[in-house]
Amino acid sequence: MAIKIFCDFDGTITEGDNIVNLIKEFTPPSVSELTSEVLNGNISIREGVEKMFATIPSTKKQEMTDFVIDRTVIRDGFSDFIQFVSAQQYELKVVSGGLDFFVHPILADYLPTSDILCNRTDFTGQTVKIHWDHSCDENCTNDCGMCKPSVKRKFSESNDFIIVIGDSITDLQIAKEANLIFARDFLKDKCVELSLPFIPFENFDDIRASLEKEVLV
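The sections below set out a description of the structure shown in this document. (Residues numbered from 1 in each chain as written. Predicted model: local features only at pLDDT ≥ 70, side-chain atom pairs only at ≥ 80, totals over all residues. Heavy atoms only, no water.)

### Thoughts on the layout of surface pockets
Of the volumes computed, that of the largest pocket is approximately 1000 Å³. Around the largest pocket, the lining is made up of 46 residues, and of these Val38, Leu39, Ser168, Ile169 and Thr170 lie nearest the centre. Those elements that place two or more of their residues in the lining of the largest pocket are helix 1 (18–26), helix 2 (31–39), helix 3 (45–53), strand 2 (91–99), helix 7 (148–155), helix 8 (172–175) and helix 9 (185–194). No other element matches the 5 residues that helix 2 contributes to the lining of the largest pocket. When its residues are assigned to classes, the lining of the largest pocket shows 19 nonpolar, 16 polar and 11 charged. (1 Å grid on protein atoms, 1.4 Å probe; cavity = no way out; pocket = protein on both sides within 12 Å on 5 of 7 lines; lining within 4 Å. Points joined across faces, edges and corners; volume = space filled by probe spheres on them. Helix = DSSP H or I, 4+ residues; strand = E, 2+ residues; numbered from the N terminus. Nonpolar A, V, L, I, M, F, W, Y, C, P; charged D, E, K, R; others polar.)

Next comes the structure, spelled out in structure tokens:
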């Protein structure tokens, strides 16, 4: 049995949600309706995010990149957590509904790109286009875009111990399949609502301490 960790990026590794911040800064006010539709489950995450970014001109690429990188704050304890995971020989994948143009540079000092799974951005057209390289497999019909349960199936075996770390609606489906959930914010509320056992966290020191306490070493 291997211990495998699937960790969200926006709002989990980072203190703020970069996708949300980008949408607020670079899309027209009408996009707020799409955000509500996604959170209410009326349209899929993939459809909602795709439509939101299709309102942004591709000429904004550098401005958006600078906007995210300048404002990103890594949650406390992440660097030590990475060292802990490596020392214990856990397998860690960052599974992000975020976009490669900011996820990869932000995480470059922490993880190899092979351990970072996110969506690919195309700026060659008039507006921003997203390529969903990790979309749903035959076992998922949620039209996730970045399908975290499908990623879990691809990178784990049935007898692995699965740990999920997340904060949002994009983490809910994979959390349902985890052996251990670390949750905050929206995901925490959904775990309470659905009676999914979870451990709350504020930072990665909390997570590391919990893992040591749970004797998953």
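### Some remarks on the pairing of strand 3 (residues 116–122)
Two faces belong to every sheet, and in a regular strand the side chains alternate between them. Across the 7 residues that make up strand 3, a large majority, 6, are buried. In terms of strand pairing, strand 2 meets strand 3 through 3 bridges, oriented parallel. Paired with Val94 across the two strands is Ile116, which belongs to strand 3. Remark: the strand 2/helix 6 (residues 100–107)/strand 3 crossover connection has right-handed handedness. Between strand 3 and strand 4 (residues 129–131), which pair antiparallel in sequence order, lie 6 residues. (Buried < 20%, exposed > 50% of the residue type's maximum accessible area, 1.4 Å probe, protein only. Pairing = 2+ DSSP bridges. Right-handed = clockwise from strand over helix to strand, strands pointing away.)

### Considerations on unusual backbone geometry
One non-glycine residue, Gln89, adopts positive backbone phi at about 60°. Note on Gln89: relative accessible area 71%, which makes it exposed. With phi around 55°, Asp185 is a residue other than glycine that occupies positive phi space. Along the chain, Asp185 falls in helix 9. Taking relative accessible area as the criterion, Asp185 reaches 48% and is therefore assigned partly exposed.

### Section: the sheet that holds strand 3
On the basis of which strands lie adjacent, the open sheet formed by 7 strands has the order 4-3-2-1-5-6-7 and mixed pairing. In this open sheet, the two edge strands, each paired with only one partner strand, are strand 4 and strand 7 (199–200). Bridging between strand 6 (residues 180–183) and strand 7 involves 2 bridges; their strand directions are parallel. Looking at strand 7, one finds that Phe182 is bridged to Ile199.

Bear in mind that shape data such as this cannot, by itself, settle questions of function.
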